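Read off the chains here:
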Protein chains: 2
Amino acid sequence: MSVTDQLLENNEKYAAGFDGPLPLPPAKHVAVLACMDARINVYGVLGLEEGEAHVIRNAGGVVTDDEIRSLAISQRLLGTREVVLIHHTDCGMLTFTDEEFNAALQEDTGLRPTWAAEAFDDLDADVRKSIGRIKDSPFVPYTDSVRGFVFDVASGRLREVS
Amino acid sequence: MSVTDQLLENNEKYAAGFDGPLPLPPAKHVAVLACMDARINVYGVLGLEEGEAHVIRNAGGVVTDDEIRSLAISQRLLGTREVVLIHHTDCGMLTFTDEEFNAALQEDTGLRPTWAAEAFDDLDADVRKSIGRIKDSPFVPYTDSVRGFVFDVASGRLREVS
(Lines give C-alpha, C1' and ligand atoms only; values in the text may rest on other atoms or scores of the structure.)
Protein backbone atom coordinates (compact mmCIF):
# COMPACT_ATOMS: atom_id res chain seq x y z
CA MET A 1 0.00 0.00 0.00
CA SER A 2 1.38 3.44 -0.94
CA VAL A 3 1.74 6.21 1.63
CA THR A 4 -0.96 8.13 -0.25
CA ASP A 5 -3.38 5.22 0.28
CA GLN A 6 -2.53 5.15 4.00
CA LEU A 7 -3.27 8.89 4.21
CA LEU A 8 -6.63 8.33 2.51
CA GLU A 9 -7.49 5.74 5.18
CA ASN A 10 -6.56 8.32 7.82
CA ASN A 11 -8.88 10.79 6.08
CA GLU A 12 -11.84 8.43 6.57
CA LYS A 13 -11.33 8.68 10.33
CA TYR A 14 -10.98 12.47 10.17
CA ALA A 15 -14.17 12.82 8.13
CA ALA A 16 -16.09 10.62 10.58
CA GLY A 17 -15.56 13.24 13.31
CA PHE A 18 -15.77 16.29 11.06
CA ASP A 19 -18.17 19.14 11.78
CA GLY A 20 -18.48 21.48 8.78
CA PRO A 21 -18.73 23.58 6.79
CA LEU A 22 -17.12 26.69 8.27
CA PRO A 23 -17.11 30.12 6.56
CA LEU A 24 -14.58 30.81 3.80
CA PRO A 25 -12.85 33.94 5.27
CA PRO A 26 -10.30 33.14 8.01
CA ALA A 27 -11.90 33.88 11.41
CA LYS A 28 -8.70 35.30 12.93
CA HIS A 29 -7.89 37.47 9.89
CA VAL A 30 -4.32 36.23 9.82
CA ALA A 31 -2.13 34.62 7.14
CA VAL A 32 0.79 32.40 8.13
CA LEU A 33 3.73 31.90 5.76
CA ALA A 34 5.99 29.04 6.85
CA CYS A 35 8.61 26.65 5.56
CA MET A 36 7.30 23.34 4.17
CA ASP A 37 9.46 21.47 6.73
CA ALA A 38 7.74 18.30 7.95
CA ARG A 39 8.41 19.16 11.60
CA ILE A 40 6.35 22.37 11.53
CA ASN A 41 2.73 21.49 12.23
CA VAL A 42 1.46 25.05 11.80
CA TYR A 43 -1.95 24.39 13.42
CA GLY A 44 -0.24 22.81 16.43
CA VAL A 45 2.61 25.32 16.75
CA LEU A 46 0.22 28.29 16.78
CA GLY A 47 -2.76 26.62 18.46
CA LEU A 48 -4.94 27.25 15.40
CA GLU A 49 -8.30 25.62 14.77
CA GLU A 50 -9.82 24.84 11.38
CA GLY A 51 -11.18 28.01 9.76
CA GLU A 52 -8.97 30.52 11.57
CA ALA A 53 -5.96 31.34 9.33
CA HIS A 54 -4.64 31.06 5.81
CA VAL A 55 -1.51 28.91 5.70
CA ILE A 56 1.00 29.45 2.90
CA ARG A 57 4.08 27.20 2.79
CA ASN A 58 7.08 26.56 0.56
CA ALA A 59 10.73 25.47 0.69
CA GLY A 60 12.27 27.90 3.18
CA GLY A 61 9.18 29.95 3.92
CA VAL A 62 10.54 32.51 1.47
CA VAL A 63 8.70 35.28 -0.39
CA THR A 64 8.60 35.07 -4.18
CA ASP A 65 5.95 36.30 -6.62
CA ASP A 66 3.77 33.33 -5.74
CA GLU A 67 3.64 34.22 -2.04
CA ILE A 68 2.82 37.84 -2.97
CA ARG A 69 0.00 36.43 -5.15
CA SER A 70 -1.34 34.36 -2.22
CA LEU A 71 -1.06 37.24 0.27
CA ALA A 72 -2.73 39.66 -2.15
CA ILE A 73 -5.68 37.28 -2.54
CA SER A 74 -5.73 36.60 1.22
CA GLN A 75 -5.88 40.27 2.18
CA ARG A 76 -7.86 41.80 -0.69
CA LEU A 77 -10.51 39.11 -1.13
CA LEU A 78 -10.65 37.28 2.19
CA GLY A 79 -9.98 39.92 4.81
CA THR A 80 -6.72 38.91 6.50
CA ARG A 81 -4.80 41.77 8.14
CA GLU A 82 -1.79 40.24 9.96
CA VAL A 83 1.06 38.15 8.54
CA VAL A 84 3.11 35.65 10.58
CA LEU A 85 6.35 34.44 8.92
CA ILE A 86 8.02 31.26 10.16
CA HIS A 87 11.51 30.00 9.32
CA HIS A 88 13.15 27.32 11.49
CA THR A 89 16.40 25.91 12.87
CA ASP A 90 18.07 22.98 11.03
CA CYS A 91 16.50 24.13 7.73
CA GLY A 92 17.50 22.31 4.55
CA MET A 93 17.87 25.69 2.83
CA LEU A 94 20.98 26.31 4.95
CA THR A 95 22.75 23.28 3.43
CA PHE A 96 23.33 24.34 -0.19
CA THR A 97 23.62 27.38 -2.45
CA ASP A 98 21.43 28.48 -5.34
CA GLU A 99 24.36 28.02 -7.71
CA GLU A 100 25.04 24.45 -6.54
CA PHE A 101 21.37 23.48 -6.81
CA ASN A 102 20.86 24.93 -10.28
CA ALA A 103 24.15 23.48 -11.53
CA ALA A 104 23.01 20.03 -10.35
CA LEU A 105 19.68 20.48 -12.13
CA GLN A 106 21.47 21.47 -15.32
CA GLU A 107 23.83 18.49 -15.00
CA ASP A 108 20.92 16.04 -14.57
CA THR A 109 18.35 17.49 -16.98
CA GLY A 110 20.30 19.58 -19.48
CA LEU A 111 18.08 22.51 -18.49
CA ARG A 112 18.61 25.36 -16.08
CA PRO A 113 15.62 26.76 -14.18
CA THR A 114 14.68 30.41 -14.63
CA TRP A 115 13.98 30.59 -10.86
CA ALA A 116 16.41 30.82 -7.96
CA ALA A 117 16.40 28.03 -5.36
CA GLU A 118 16.19 30.74 -2.64
CA ALA A 119 18.73 29.04 -0.33
CA PHE A 120 20.13 31.17 2.53
CA ASP A 121 22.97 31.04 5.06
CA ASP A 122 21.58 33.27 7.83
CA LEU A 123 18.13 32.53 9.24
CA ASP A 124 17.48 35.90 10.85
CA ALA A 125 18.69 37.80 7.79
CA ASP A 126 16.38 35.78 5.55
CA VAL A 127 13.41 36.40 7.83
CA ARG A 128 14.14 40.13 7.62
CA LYS A 129 14.47 39.89 3.82
CA SER A 130 11.11 38.12 3.63
CA ILE A 131 9.43 40.79 5.77
CA GLY A 132 10.99 43.41 3.50
CA ARG A 133 9.72 41.76 0.32
CA ILE A 134 6.17 41.79 1.71
CA LYS A 135 6.34 45.37 2.94
CA ASP A 136 7.82 46.51 -0.38
CA SER A 137 5.13 44.90 -2.51
CA PRO A 138 2.47 47.28 -3.84
CA PHE A 139 0.06 44.34 -4.04
CA VAL A 140 -0.08 43.54 -0.30
CA PRO A 141 -2.12 46.38 1.19
CA TYR A 142 -1.93 45.69 4.96
CA THR A 143 1.62 45.57 6.31
CA ASP A 144 1.34 47.12 9.79
CA SER A 145 1.64 43.67 11.38
CA VAL A 146 4.13 41.56 9.41
CA ARG A 147 6.18 39.74 12.05
CA GLY A 148 8.83 37.07 11.56
CA PHE A 149 9.88 34.14 13.74
CA VAL A 150 12.32 31.25 13.90
CA PHE A 151 10.80 27.94 15.04
CA ASP A 152 13.22 25.86 17.11
CA VAL A 153 12.80 22.23 15.99
CA ALA A 154 14.37 21.08 19.28
CA SER A 155 12.12 23.02 21.68
CA GLY A 156 8.97 23.69 19.63
CA ARG A 157 9.26 27.38 20.55
CA LEU A 158 9.01 30.46 18.29
CA ARG A 159 11.60 33.23 18.65
CA GLU A 160 10.76 36.61 17.14
CA VAL A 161 13.28 38.18 14.76
CA SER A 162 13.67 41.88 15.45
CA MET B 1 -3.69 42.14 22.03
CA SER B 2 -3.08 41.31 18.38
CA VAL B 3 -3.94 37.90 16.96
CA THR B 4 -0.21 37.31 16.45
CA ASP B 5 0.36 37.81 20.20
CA GLN B 6 -2.47 35.36 20.97
CA LEU B 7 -0.82 32.78 18.69
CA LEU B 8 2.51 33.29 20.50
CA GLU B 9 0.75 32.53 23.80
CA ASN B 10 -0.62 29.35 22.22
CA ASN B 11 2.93 28.47 21.14
CA GLU B 12 4.10 28.50 24.78
CA LYS B 13 1.61 25.72 25.53
CA TYR B 14 2.67 23.75 22.44
CA ALA B 15 6.36 24.03 23.35
CA ALA B 16 5.66 22.85 26.91
CA GLY B 17 4.53 19.47 25.56
CA PHE B 18 6.99 19.31 22.66
CA ASP B 19 9.27 16.35 22.13
CA GLY B 20 12.02 17.10 19.60
CA PRO B 21 14.05 17.29 17.53
CA LEU B 22 12.98 14.92 14.76
CA PRO B 23 15.08 14.20 11.63
CA LEU B 24 15.00 16.69 8.74
CA PRO B 25 13.88 14.33 5.89
CA PRO B 26 10.13 13.58 5.92
CA ALA B 27 9.61 10.10 7.41
CA LYS B 28 6.79 9.19 5.01
CA HIS B 29 8.65 10.44 1.91
CA VAL B 30 5.59 12.39 0.75
CA ALA B 31 4.99 16.03 -0.19
CA VAL B 32 1.51 17.53 0.09
CA LEU B 33 0.53 20.54 -2.01
CA ALA B 34 -2.72 22.12 -0.81
CA CYS B 35 -4.73 25.33 -0.99
CA MET B 36 -4.03 27.87 1.80
CA ASP B 37 -7.72 27.75 2.77
CA ALA B 38 -8.16 28.11 6.54
CA ARG B 39 -10.49 25.12 6.72
CA ILE B 40 -7.88 22.62 5.48
CA ASN B 41 -5.84 21.43 8.47
CA VAL B 42 -3.50 19.26 6.40
CA TYR B 43 -2.09 17.35 9.39
CA GLY B 44 -5.61 16.56 10.59
CA VAL B 45 -7.12 15.80 7.17
CA LEU B 46 -4.39 13.26 6.34
CA GLY B 47 -3.68 12.02 9.88
CA LEU B 48 -0.07 13.23 9.66
CA GLU B 49 2.27 13.56 12.61
CA GLU B 50 5.12 16.05 12.95
CA GLY B 51 8.10 14.96 10.83
CA GLU B 52 6.22 12.89 8.27
CA ALA B 53 5.53 15.05 5.19
CA HIS B 54 6.47 18.28 3.48
CA VAL B 55 3.51 20.63 3.24
CA ILE B 56 3.42 23.22 0.45
CA ARG B 57 0.45 25.60 0.31
CA ASN B 58 -0.72 28.62 -1.68
CA ALA B 59 -3.87 30.33 -2.94
CA GLY B 60 -5.69 27.57 -4.82
CA GLY B 61 -3.12 24.82 -4.31
CA VAL B 62 -1.90 25.61 -7.82
CA VAL B 63 1.44 24.79 -9.44
CA THR B 64 3.64 27.70 -10.47
CA ASP B 65 7.43 27.95 -10.65
CA ASP B 66 7.60 28.32 -6.88
CA GLU B 67 5.85 24.98 -6.26
CA ILE B 68 8.17 23.31 -8.79
CA ARG B 69 11.08 24.84 -6.82
CA SER B 70 9.73 23.42 -3.55
CA LEU B 71 9.01 19.99 -5.04
CA ALA B 72 12.44 19.84 -6.68
CA ILE B 73 14.11 20.56 -3.31
CA SER B 74 11.75 18.13 -1.54
CA GLN B 75 12.51 15.23 -3.89
CA ARG B 76 16.13 15.85 -4.83
CA LEU B 77 17.50 16.86 -1.43
CA LEU B 78 15.10 15.42 1.12
CA GLY B 79 13.93 12.14 -0.39
CA THR B 80 10.19 12.52 -0.97
CA ARG B 81 8.73 10.26 -3.67
CA GLU B 82 4.94 10.76 -3.66
CA VAL B 83 2.93 13.96 -4.21
CA VAL B 84 -0.59 14.56 -2.87
CA LEU B 85 -2.45 17.55 -4.38
CA ILE B 86 -5.45 19.03 -2.56
CA HIS B 87 -7.98 21.51 -3.93
CA HIS B 88 -11.33 21.96 -2.15
CA THR B 89 -15.00 22.83 -2.52
CA ASP B 90 -16.15 26.43 -1.92
CA CYS B 91 -12.70 27.73 -2.96
CA GLY B 92 -12.19 31.48 -3.22
CA MET B 93 -10.38 30.94 -6.52
CA LEU B 94 -13.73 29.98 -8.09
CA THR B 95 -15.18 33.46 -7.36
CA PHE B 96 -13.16 35.71 -9.67
CA THR B 97 -11.09 35.75 -12.85
CA ASP B 98 -7.42 36.56 -13.35
CA GLU B 99 -8.39 39.52 -15.49
CA GLU B 100 -10.74 40.95 -12.82
CA PHE B 101 -8.15 40.54 -10.08
CA ASN B 102 -5.29 42.11 -11.99
CA ALA B 103 -7.50 44.95 -13.24
CA ALA B 104 -8.45 45.70 -9.61
CA LEU B 105 -4.77 45.71 -8.61
CA GLN B 106 -3.96 48.08 -11.43
CA GLU B 107 -6.89 50.33 -10.47
CA ASP B 108 -5.75 50.51 -6.83
CA THR B 109 -1.96 50.64 -7.23
CA GLY B 110 -1.29 51.91 -10.74
CA LEU B 111 0.74 48.74 -11.31
CA ARG B 112 -0.11 45.45 -12.95
CA PRO B 113 1.48 42.27 -11.63
CA THR B 114 3.62 40.18 -13.96
CA TRP B 115 2.03 37.04 -12.44
CA ALA B 116 -1.39 35.53 -13.07
CA ALA B 117 -3.79 35.21 -10.12
CA GLU B 118 -4.33 31.53 -11.13
CA ALA B 119 -8.10 31.60 -10.57
CA PHE B 120 -10.12 28.71 -12.03
CA ASP B 121 -13.74 27.82 -12.74
CA ASP B 122 -13.59 24.00 -12.67
CA LEU B 123 -12.07 22.25 -9.66
CA ASP B 124 -11.41 18.87 -11.26
CA ALA B 125 -9.95 20.44 -14.40
CA ASP B 126 -7.57 22.54 -12.29
CA VAL B 127 -6.46 19.52 -10.27
CA ARG B 128 -5.69 17.75 -13.56
CA LYS B 129 -3.82 20.81 -14.81
CA SER B 130 -1.75 20.91 -11.62
CA ILE B 131 -0.87 17.22 -11.94
CA GLY B 132 0.12 17.89 -15.54
CA ARG B 133 2.37 20.81 -14.61
CA ILE B 134 4.24 18.62 -12.12
CA LYS B 135 4.56 15.66 -14.49
CA ASP B 136 5.74 17.94 -17.30
CA SER B 137 8.46 19.61 -15.24
CA PRO B 138 12.00 18.36 -15.92
CA PHE B 139 12.97 19.44 -12.40
CA VAL B 140 10.65 17.06 -10.49
CA PRO B 141 12.24 13.63 -10.95
CA TYR B 142 9.69 11.29 -9.29
CA THR B 143 6.22 11.48 -10.81
CA ASP B 144 4.91 7.91 -10.66
CA SER B 145 2.65 8.83 -7.73
CA VAL B 146 1.24 12.32 -8.25
CA ARG B 147 -2.41 12.08 -7.22
CA GLY B 148 -4.98 14.86 -6.91
CA PHE B 149 -7.97 15.27 -4.61
CA VAL B 150 -10.83 17.63 -3.81
CA PHE B 151 -11.42 18.20 -0.08
CA ASP B 152 -15.10 18.65 0.74
CA VAL B 153 -15.33 21.47 3.33
CA ALA B 154 -18.77 20.18 4.37
CA SER B 155 -17.84 16.54 5.00
CA GLY B 156 -14.08 16.65 5.64
CA ARG B 157 -13.64 13.92 3.03
CA LEU B 158 -11.15 13.74 0.13
CA ARG B 159 -12.40 12.71 -3.31
CA GLU B 160 -9.78 11.60 -5.85
CA VAL B 161 -9.80 13.27 -9.26
CA SER B 162 -9.31 10.72 -12.01
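About the cut-offs
Residues numbered from 1 in each chain as written. Chains lettered and ligands numbered in written order. Predicted model: local features only at pLDDT ≥ 70, side-chain atom pairs only at ≥ 80, totals over all residues. Heavy atoms only, no water. Phe/Tyr/Trp six-rings, centres within 6.5 Å; stacked < 30°, edge-to-face > 60°. Helix = DSSP H or I, 4+ residues; strand = E, 2+ residues; numbered from the N terminus. Buried < 20%, exposed > 50% of the residue type's maximum accessible area, 1.4 Å probe, protein only. Lys NZ or Arg CZ within 6 Å of the ring centre and 35° of its normal. Axes fitted to C-alpha atoms, helices over the stretch in contact; angles between N-to-C directions. Parallel < 35°, antiparallel > 145°, perpendicular 65-115°, else oblique. Contact = heavy atoms within 4.5 Å. Nonpolar A, V, L, I, M, F, W, Y, C, P; charged D, E, K, R; others polar. 1 Å grid on protein atoms, 1.4 Å probe; cavity = no way out; pocket = protein on both sides within 12 Å on 5 of 7 lines; lining within 4 Å. Points joined across faces, edges and corners; volume = space filled by probe spheres on them. Core = buried A, V, L, I, M, F, W, Y, C linked by side-chain atoms within 4.5 Å. Buried area = accessible area lost by both parts, 1.4 Å probe. Salt bridge = Lys/Arg side-chain N within 4 Å of Asp/Glu carboxyl O. Polar contact = N/O pair within 3.5 Å; in protein donor to acceptor, adjacent residues only side chain to side chain. Expected span 1.5 Å × (residues − 1). Arc of directions from axis to C-beta.

Engineer: Explain the packing of aromatic side chains to me, please; I cannot follow it from the model alone.
Structural biologist: To describe a pair of aromatic rings, you give the distance between the ring centres and the angle between the ring planes. Here the structure, examined in full by the defined rule, presents eight aromatic pairs over all chains. On the basis of an interplanar angle of 90° and a centroid distance of 6.0 Å, the ring pair of F18 of chain A and F151 of chain B is categorised as edge-to-face. Within this pair, whereas F18 of chain A is found in the loop between α1 (3–16) and β1 (30–35), its partner F151 of chain B is found in strand β4 (residues 145–151), the two belonging to separate chains. In this pair, the class of F18 of chain A matches that of F151 of chain B, namely buried. Seen from their ring centres, F139 of chain A and W115 of chain B are 5.6 Å apart, and the 85° between their planes marks the pair as edge-to-face. Of this pair, F139 of chain A sits in the loop between α5 (123–136) and β4 (145–151) while W115 of chain B sits in the loop between α4 (98–109) and α5 (123–136), each in a different chain. Taken individually, F139 of chain A and W115 of chain B each receive the classification buried, so the pair is uniform in this respect. Over the face of the ring belonging to Y142 of chain A we find R81 of chain A, whose NZ or CZ atom lies 3.7 Å from the ring centre.

Engineer: Just checking my understanding: could you explain the packing of helix α3 (residues 65–78) of chain A against α4 of chain B for this structure?
Structural biologist: To describe two helices that pack against each other, one gives the angle between their axes and the distance between the axes. It is the contact of α3 of chain A with α4 of chain B, at a shortest axis distance of 12 Å, that shows an interaxial angle of 80°. Overall, the two elements α3 of chain A and α4 of chain B adopt an arrangement that is roughly perpendicular. Only F101, A104, L105 and D108 of chain B of α4 of chain B make contact with α3 of chain A, whose side of the interface consists of A72, I73, R76 and L77 of chain A. Classifying every residue of the contact of α3 of chain A with α4 of chain B by side-chain character gives six nonpolar, no polar and two charged.

Engineer: Looking at this structure, I do not really get the layout of surface pockets. What am I missing?
Structural biologist: Empty space left among the atoms is revealed by rolling a probe the size of a water molecule over them. Quantified by volume, the largest pocket comes out at close to 260 Å³. Secondary structure elements with two or more residues in the lining of the largest pocket: α3 of chain A together with α3 (65–78) of chain B.

Engineer: I tried to follow the environment of L111 of chain B on my own but got confused; where do I start?
Structural biologist: Summarising the element assignment, L111 of chain B is placed in the loop between α4 and α5. The partly exposed category is assigned to L111 of chain B, whose relative accessible area is 44%. For L111 of chain B, the residues in contact, after removing those within four places along its chain, are P138 and F139 of chain A together with L105 and Q106 of chain B.

Engineer: Explain the nonpolar core here, please?
Structural biologist: The nonpolar side chains of soluble globular proteins are, as a tendency, buried together. Within the largest apolar cluster, 106 residues are counted, with the highest numbers of intra-cluster contacts made by V32 and L46 of chain A together with V32, L46 and F151 of chain B. Here V32 of chain B is in contact with V42, L46, L48, A53, H54, V55, I56, V84 and I86 of chain B, once residues within four sequence places are set aside.

Engineer: Explain the interface of chain B and chain A to me, please; I cannot follow it from the model alone.
Structural biologist: Interface size is often expressed as the accessible area that is lost when the parts come together. Across the boundary between the two partners, chain B contributes 87 residues, which contact 87 residues of chain A. Both faces considered, chain B and chain A share a buried interface measuring about 7,300 Å² in area, 61% of it formed by carbon and sulfur atoms. Taken together, chain B and chain A are joined by six salt bridges. Two residues, R76 of chain A and D108 of chain B, come together in a salt bridge whose shortest N-O distance is 2.9 Å. Elements represented by at least two residues in the side of chain B that touches chain A include exactly α1 (3–16), α2 (42–46), β2 (53–58), α3, β3 (82–88), α4 and β4 of chain B. Its residues placed into classes, the side of chain B that touches chain A shows 46 nonpolar, 21 polar and 20 charged.

Engineer: Would you mind showing me how to read the side chain of D124 of chain A here?
Structural biologist: Along the chain, the position of D124 of chain A falls in helix α5. Polar side-chain contacts of D124 of chain A include one of 2.9 Å to the side chain of R159 of chain A.

Engineer: How should I be thinking about α5 of chain B in this particular structure?
Structural biologist: Residue and element names in this part refer to chain B. The first and last C-alpha atoms of α5 sit 20 Å apart over 14 residues, in line with the 20 Å expected at 1.5 Å per residue. Buried within α5 are the following residues: L123, D124, D126, V127, S130, I131 and I134. Take α5 and look down its axis: the buried residues cluster within an arc of 165°, on one side only. Residues of α5 that are buried in the fold lie against α3, β3, β4 and β5 (158–160). Two to three positions downstream of the cap, the backbone nitrogen of D124 sits 3.1 Å from a side-chain oxygen, assigning the N-cap of α5 to D122.

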